[in-house]
Each structure stands twice: as structure tokens, then as C-alpha cells.
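# Structural characterization, general
Read off the chains here:
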Amino acid sequence: MDRKSKQKIGIFLCFLVLSVLAVDLASVMKQRADEKLFRAQCEELTALYPEGKELYEENYSYYAEESAGRNLKTSVIITAVIVLFGGVALVLYALDMRYRKKKEERARDDLFELIRDIRKGSQVSGQDAMYGEVGALYDEICALEKDTQDLKKRLSEEENSTKALITDISHQLKTPLSSIKLSHDLVKETGLSDEERNSFIESESREIAQMESLLDELVKLSRLESSMITLDPVSTGIKNTVSEAVNKVFMRAASKHIEISVEADGDHVILHDPKWTAEALANVLDNGIKYSFENEKLLIRVSKLPQNVMIEVEDNGIGIPEQELNSIFKRFYRGSNAKKMSKEGAGVGLYLAREIFERQGGCLIAKRKNEGGSIFRMLIPG
Amino acid sequence: MSTIVEVKDLVKYYGKGENIVKAVDHTSLKVERGTFTAVVGRSGSGKSTLLQLMGGLDRPDSGEVIIDGTSIYTLNSNDLTVFRRRKIGFIFQDYNLIPSLNVWENVVLPLGLDGRKTDEKEIEKILDEIGLSDKKHAMPDTLSGGQKQRVAIGRALASYPSVILADEPTGNLDSRTELEVLAVLKRCVADFNSTIVMITHNETIAQMADAVMVIEDGKVVR
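Residues numbered from 1 in each chain as written. Chains lettered and ligands numbered in written order. Predicted model: local features only at pLDDT ≥ 70, side-chain atom pairs only at ≥ 80, totals over all residues. Heavy atoms only, no water.

### Describing the overall build of chain B
When you go through chain B residue by residue, the secondary structure sums to 7 helices and 10 strands. In summary, chain B has a C-alpha radius of gyration of 17 Å against a globular reference of 17 Å for 222 residues, a match within 12%. Seen along its three principal axes, the alpha-carbon backbone of chain B occupies a region of about 55 × 40 × 35 Å. Relative to its 222 residues, chain B shows a buried fraction of 56%. Contacts spanning at least 24 positions in sequence make up 70% of the contacts within chain B whose residues lie at least 6 apart. In the structure as shown, chain B presents an accessible area of about 9600 Å², 47% of it carried by carbon and sulfur atoms. Distance between charge centroids for chain B: 2 Å, based on 27 positive and 31 negative side chains. (Helix = DSSP H or I, 4+ residues; strand = E, 2+ residues; numbered from the N terminus. Rg over C-alpha atoms; globule rule 2.2 N^0.38 Å. Buried < 20%, exposed > 50% of the residue type's maximum accessible area, 1.4 Å probe, protein only. Contact = heavy atoms within 4.5 Å. Areas by Shrake-Rupley, 256 points an atom, 1.4 Å probe, with all protein chains shown as cover. Lys, Arg positive; Asp, Glu negative; His and termini not counted. Charge placed at Lys NZ, Arg CZ, Asp CG, Glu CD.)

Rendered as C-alpha cells:
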């Protein structure tokens with residue numbers, strides 16, 4: 001039995017003894033008051049009618065005795081009742097203590113079992129039938145276990161994504177490298193005309209330039225994936241960010257005689273990372289230019305929605321087949337139309353762009369236009 | 001990855017004989033914790049029935065739905081009601097807000113029904129996330145469709161359920177508002193580590209999901 005329970009029982013017993021004493025005291029006082037009353041009545045009567053004094057005294061002493069007996073009986077009965085109730089209460093208390101102890105032992109055993117389960121790594125589900133501090137502890141351990149599971153999951157996801165990234169990158173680099181190697185071997189061959197040699201060298205330069213741009217994309221991608229890119233949001237106008245993005249792709253658009261126009265309902269100051277947002281938007285624009293035909297138009301629309309600022313990029317290009325809409329944002333995915341249209345591109349740009357928008361609490365989706373071409377919609381909260 | 005919802009060989013047929021409709025036909029699927037999953041299918045593909053079965057709103061002919069370790073159809077109907085209130089959040093196409101309660105009251109409603117205390121700070125955080133901090137005393141009839149749906153999202157989040165089931169949540173919204181509401185859902189997954197299963201017929205909005213399942217004639221086909 002613990003100290004607290006002993007204290008409780010001690011206090012209860014003291015209370016019991018005090019109650020009995022109080023009853024006895026009350027009974028003695030009642031007795032005294034009765035006797036005093038009888039004596040006073042006796043004296044009053046004697047003063048009025050002195051001849052009956054003996055009769056009065058005899059009478060009153062009889063009543064005094066009877067009242068004493070009655071008082072004693074009452075006090076005994078009350079004491080007995082108090083003792084009986086006290087005893088029953090003590091027994092009940094002891095039984096309850098035993099029950100609680102057993103329950104706590106059971107809960108403790110469950111707790112140990114839970115900890116053993118967690119260490120073994122088996123799945124743990126919540127349990128409601130837990131009481132008191134042990135129950136709270138149980139809940140805490142369950143919560144801790146959940147956190148650990150989440151952490152484990154995150155770690156394994158990170159590991160898997162790094163593995164996949166390395167595989168993907170090496171795969172992406174192999175193809176252009178082997179074609180450079182081929183051109184290079186051919187150039188070394190004797191017996192080539194100058195014209196042929198120049199053509200191989202030119203193709204080699206093209207491949208190298210393409211590989212350079214691919215590497216550039218891959219570096220950005222791997223920096224983003226390994227969380228080396230930290231977005232640095234500042235409150236600034238979106239107009240500048242859009243201009244910055246247009247500047248990045250302007251030359252490429254000009255080379256295909258594609259006109260880029262911007263429609264905006266004024267400037268909107270929102271919290272965003274201007275550098276990376278411009279990069280993301282430039283990727284979307286670049287995608288639009290790559291898959292548009294010459295002399296086409298590219299339209300950028302900026303508008304304020306209740307909760308976000310929306311940037312739309314609309315092109316009249318080759319469009320995206322409906323069944324590929326879900327895939328175009330996947331890393332290294334290239335659509336079937338895209339492959340036909342352009343050799344360039346590794347399927348990194350849109351993936352990177354979506355990541356950048358999502359990390360700022362926004363989103364990026366693509367829609368098919370009925371008349372051909374696509375609309376890309378980007379949201380940034382603000 | 002930890003699985004939070006598992007559907008095992010679920011079957012629900014309506015009608016008999018020649019008129020039999022196989023709404024859900026031996027379907028199995030798994031949803032991972034902290035992901036945004038889209039179930040895409042045409043109308044009549046059985047996706048709504050599947051969602052109702054996943055949410056314990058109907059009983060299957062056979063099969064199992066396991067949410068957070070509990071096989072929900074082994075519970076009696078009272079226990080299932082309590083389980084649903086605590087572990088599953090719902091978002092419907094037509095919002096289902098209580099018109100006589102303001103935004104705050106609508107959001108805390110599931111907690112009140114469950115006799116749970118309201119953690120005001122948490123609710124403020126949710127209202128902030130859904131962008132309605134300044135509208136907490138507004139009545140539903142003064143809100144736009146997008147705002148109503150955001151209140152419904154807040155209500156689903158308030159009880160921190162194991163999974164939130166959304167049935168065509170943007171079906172009544174124009175395409176811009178749709179995108180805004182989806183961005184909120186997407187952020188909830190990131191910020192509150194919520195698990196969301198959304199059914200839709202719209203492939204475009206399914207793009208936002210981490211995982212997409214396509215359902216045809218009551219079966220998951222990819």
C-alpha cells in the first residue's frame with residue numbers, strides 16, 4: 001500500500017474516532033441538561049407546594065434515571081452504526097485499491113508489450129482502454145511511435161529518390177555522350193572530305209551544347225531534390241518576376257518568330273521567391289516555345305483570384321494527349337508528341353517548375369485546349 | 001510507407017438478375033499516409049459507391065475496408081458512427097454546411113458532436129490555412145462557392161482525421177475557383193500531413209494528386 005492510501009485511511013480512521021467521541025459527548029451533555037432541567041423543575045414545585053417535596057424528588061429521580069438509560073442506548077446505537085459504516089467503507093476501499101492495482105499492473109504490462117512491439121518494428125494501433133497516468137504514457141508512446149514511423153518513411157523515401165535520381169541522371173547523360181563519341185570517332189577516320197568532316201564537327205558541337213544545357217538542368221534538379229535550393233520568399237511585385245522569365249526565353253522565341261504577349265490586371269505584390277519563380281515560369285514558357293510551330297503566339301495572362309495570383313501560359317502548339325496529362329510533370333517524362341516534335345529536352349523543366357510552385361504553397365496544372373494547344377495555370381498564394 | 005486505408009476485395013452490387021449493377025466489383029486498393037490520391041472515373045463507374053464504402057456510409061456485400069488498423073465493417077453501427085466521426089473527414093460536392101451556423105461554428109461542429117474540447121489555436125491555424133481567418137463570423141449564405149468549400153475543408157480538418165474523403169469537391173465550381181480549392185487541399189497534405197482521397201471525373205484536376213487510380217465498371221484498372 002502506498003503512502004497516499006495510508007494517509008487516506010489514517011484520516012478516515014481519525015474521522016471515525018472523532019465522530020464516535022462527538023456522539024458520546026453529545027449524549028453526556030444531553031444527560032446533564034436533562035438532570036439540570038429536572039432539578040430546576042423540582043425546586044420550582046417545592047417552592048410552590050413544599051408539602052409534596054419527597055414525592056417530587058422521587059418522581060424526578062425516576063425520570064432522570066430513565067432518560068440516562070435512553071441517552072446511553074441512543075449513543076450506543078449511533079456509535080455502532082458509525083463503526084459499521086466505517087468498517088464497510090474501509091473494506092470497499094481496500095477492494096477498490098486491489099482492483100486499481102491490478103488494472104495498473106495490466107496497463108503496465110500492456111505498456112511493456114507495446115514498447116517491445118515497437119522495438120520489434122510491428123505495426124501498433126491505438127487502444128482506448130487505458131486509464132490514468134499509464135494511459136497518458138501509452139498515448140505518448142503511440143504518438144512517438146507514429147513520429148518514428150513517419151521519420152523512417154521520410155528517410156527511406158529520400159534514399160529511394162536519391163537512388164532513382166542518380167540512375168535517371170546517368171541514363172540521361174549516356175545517350176548524348178555516346179552520340180558525341182560516335183561523331184568523334186567518325187571525325188578521326190581518314191578519307192573524309194572536308195565537307196563531311198565539318199558536318200560531323202558541327203553535329204558534335206550541337207550535341208555538346210545540348211549536353212551542356214542538360215547538365216545545367218540536372219544540376220538545378222539535383223540541387224532542388226537534395227534541398228540545397230532554399231526558396232527565399234520576399235514581398236514583391238509579380239510583374240518583374242514575369243518580365244524576368246520572359247527575358248530568359250526571349251532569344252529562343254525570337255529564333256522561332258514566336259511572339260510573346262502579356263495581359264495583366266495590374267501588378268500584384270505577393271510573397272514569393274522572384275529568382276526561382278522566374279526560373280519556373282521560364283521553364284513553362286520554354287516548354288511552350290519548344291512545342292509551338294514557327295510564327296505562333298504565346299500568351300501570358302496574370303490575374304488575381306480571391307486567394308492566389310494566377311499566371312496562365314497559353315500556346316497553340318502540339319498539345320498534350322489526354323492520357324498524358326497526369327504524366328507530363330513526372331521527372332524525365334517526355335510526351336509522345338513532344339518526342340516527335342523536338343529532340344531537345346530531358347523532361348526536367350516542367351517537373352522543376354511544379355516543384356518550385358508547390359514549395360511556395362501554389363500549384364501548376366496543364367489543360368488541353370479544345371482547338372489545340374495547351375494552357376498551363378500556375379498559382380501562388382497571395 | 002505506411003498504409004492508412006486498405007480496401008480488400010470489396011463488392012457492392014445493386015439490383016438482381018439481368019438488372020444487376022456491379023457498382024464496386026472485387027476492388028482492392030491501398031492509400032499511403034500523407035498522400036493526395038485521386039480516384040478518377042466517368043459517372044456511373046462506381047467511384048461514388050466506392051468512396052461511400054470507404055467512409056463507412058454504406059455496407060458492402062463482401063470485402064473489407066481497413067482504416068488505421070481497424071476493419072470498419074466489423075464494428076456495430078454505433079461504434080461505426082463514432083469511428084467515422086473521429087477518423088474520417090468528408091468533403092462533398094455541395095458543401096453540406098449548416099446554414100444557421102457561422103464559419104467558425106461549422107468548422108468546430110464535428111468536435112462538438114463528439115463532445116471534444118475545441119483547441120482555439122488549432123482552429124485558428126486551420127482557418128488561416130483555408131484563408132478564412134477574417135470570415136469566421138460570416139454566415140454560409142454570404143459566402144461564395146469556393147469559400148463554402150473551403151469551410152467544408154476546414155470542417156474535415158478540424159478533427160484531425162486519419163483520412164479525408166472528398167467526393168467531387170470542385171464539381172460545382174468554375175475552373176479558377178476549382179484550382180484555388182485544390183491548391184488548399186494540396187497544401188493541407190503538406191502542412192498537416194493529412195491523407196486525402198478525392199474522387200473526380202476530371203483528369204485535369206487529378207494532375208494535382210500524388211497518386212492516381214482509374215476506376216471503370218467498379219474495378220480499379222490502373
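Now that the structure is up, let's keep going.
### Considering the sheet that holds strand β5 (residues 70–71) of chain B
Residue and element names in this part refer to chain B. Read from one edge to the other, the open sheet built from 4 strands follows the order β2-β1-β4-β5, with strand pairing classed as antiparallel. Among the strands making up the open sheet, the edge pair consists of β2 (21–32) and β5. Here 2 bridges tie strand β4 (residues 62–67) to β5, and the two strands are oriented antiparallel to one another. If you follow I66 over to β5, its bridge partner there is S71. (Pairing = 2+ DSSP bridges.)

### Some details on the pattern of salt bridges
Counted according to the given criterion, the structure contains 27 salt bridges over all chains. Residue R176(B) pairs with E312(A) through a salt bridge whose shortest N-O separation is 3.7 Å. Taken as a pair, R176(B) in helix α6 (residues 175–192) and E312(A) in strand β5 (residues 308–315) lie in two separate chains rather than in one. R176(B) gets classed as partly exposed once you look at its relative accessible area, which sits at 30%. For E312(A), a relative accessible area of 2% gives the class buried. With its nearest N and O atoms 3.4 Å apart, the salt bridge here joins R187(B) to E129(B). Within this pair, whereas R187(B) is found in helix α6, its partner E129(B) is found in helix α4 (residues 120–129), the two being separated by 58 residues in sequence. Note on accessibility: R187(B) and E129(B) belong to one class, buried. One salt-bridge network, held together by shared partners, links E263(A), R301(A), E312(A), E314(A), K369(A), R377(A) and R176(B). (Salt bridge = Lys/Arg side-chain N within 4 Å of Asp/Glu carboxyl O.)

### So, the nonpolar core
Core analysis: the biggest nonpolar cluster contains 48 residues, and L285(A), F376(A) and M378(A) have the highest contact counts within it. When residues of this core are assigned to their parent elements, the largest contribution, 8 residues, is made by helix α6 (residues 274–290) of chain A. Shared between two domains, this core holds at least three residues of each, these being domain 2 (168–225) and domain 3 (234–381) of chain A. Residues contacting M378(A), with those up to four places away along its chain left out, are L281(A), V284(A), V309(A), M310(A), I311(A), V313(A), F357(A), C363(A) and L364(A). Core analysis: the next-biggest nonpolar cluster, separate from the first, contains 47 residues, F36(B), A166(B), F192(B) and M208(B) among them. (Core = buried A, V, L, I, M, F, W, Y, C linked by side-chain atoms within 4.5 Å. Domains from an automatic or database assignment.)

### Considerations on unusual backbone geometry
All names here are of chain B. Of note, E168 is a non-glycine position whose phi angle comes to about 45°, a positive value. Structurally, the position occupied by E168 is in the loop between β7 (163–167) and α6. Despite not being glycine, D217 has its phi angle at roughly 45°, a positive value. In this structure, D217 sits in the loop between β9 (211–216) and β10 (219–220).

Any functional reading would require information that these geometric values do not contain.
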